[in-house]
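# Structure at a glance
Okay, here's what each chain looks like letter by letter:
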Amino acid sequence: MLDGAAVVAQLVARRSAGADRDTLLRAAVEQIDSASERFDWVGVYLLDDGWLTLHNFVGEATEHTRIAVGQGVCGTAVAENRDINVPDVRALDNYIACSLGTRSEIVVLIRDGGSGRIFGQLDLDSDQQDAFTKSDEIELRRVADWLGELFSATI
Ligand code: SME
């Protein structure tokens, strides 16, 4: 089970030890990925000038390393400024398939806590239908909030 507070504690320790932002983004993805068998693909996309660019991931390589705001689940989350939990990706018209085996997906935005500026997002895919629970949403939000603080402090 994903424990967002435990992931954050690890990231805080790494940061205190001098880890830079790229290293911390990689560590966040690795730790989230290792938390559950349900998580088949875990990545971070960063937002720049209307495009989401893949920063790092664990899982199958994807050709979708750049996604326009408004496109797919990832781009829709940014356009509508909200997290999105999709129980069955086959029900969507605007879904961008990274892997044919994917059945469900969750996108959690990384934002500045004050201004709400969007820096990017955590994106998780699962081969299981309806894989992402309320608990996953809450725990991923904890990690995303900490990453938002990191960006606010280092941008
Ligand atoms: N499925 C996403 C694209 C990114 S991949 O899942 C890695 C989407 O529809 O935006």
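Our structure's up above, just so we're on the same page.
What comes next concerns the included structure. All figures in this text were calculated on a predicted structure; none of them were measured in a lab. (Residues numbered from 1 in each chain as written. Predicted model: local features only at pLDDT ≥ 70, side-chain atom pairs only at ≥ 80, totals over all residues.)

This next bit is on the nonpolar core. A28, I32, L122, V143 and A144 are the most contacted members of the largest nonpolar core, which has 36 residues in total. Elements with a contribution of two residues or more to this core: α1 (4–16), α2 (21–33), β1 (41–48), β2 (51–58), α3 (72–79), β5 (104–111), β6 (118–126) and α4 (134–154). (Core = buried A, V, L, I, M, F, W, Y, C linked by C-beta atoms within 7 Å. Buried ≥ 20, exposed ≤ 12 C-beta atoms within 10 Å, placed from the backbone. Helix = DSSP H or I, 4+ residues; strand = E, 2+ residues; numbered from the N terminus.)

Once that is clear, we can look at unusual backbone geometry. Positive phi outside glycine occurs at D49, with the angle close to 55 degrees. Structurally, D49 is set in the loop between β1 and β2. We classify D49 as exposed; it has 6 C-beta atoms within 10 Å. Phi at D130 is positive, roughly 50 degrees, even though this residue is not glycine. Along the chain, D130 falls in the loop between β6 and α4.

Once that is clear, we can look at the site of the ligand. Every one of the 15 residues lining the ligand counts as a neighbour, but G72, V73, C74, I96 and C98 are closest to it. Counting residues per element, the ones that place at least two in the shell around the ligand are β1, α3 and β6. In terms of residue count, α3 provides more of the shell around the ligand than any other element does, four residues in total. Classifying every residue of the shell around the ligand by side-chain character gives seven nonpolar, five polar and three charged. (Near = placed C-beta within 6 Å. Nonpolar A, V, L, I, M, F, W, Y, C, P; charged D, E, K, R; others polar.)

A few words on the packing of α2 against α4. Where α2 meets α4, the axes come as close as 11 Å, and the angle between the chain directions of the two elements is 175 degrees. In terms of orientation, α2 lies roughly antiparallel with respect to α4. Mapping the contact onto sequence places R21, L24, A28 and I32 in α2 and V143, L147, L150 and T154 in α4. Each residue belonging to the contact of α2 with α4 can be placed in one class, and the counts come to six nonpolar, one polar and one charged. (Axes fitted to C-alpha atoms, helices over the stretch in contact; angles between N-to-C directions. Parallel < 35°, antiparallel > 145°, perpendicular 65-115°, else oblique. Contact = placed C-beta atoms within 7 Å.)

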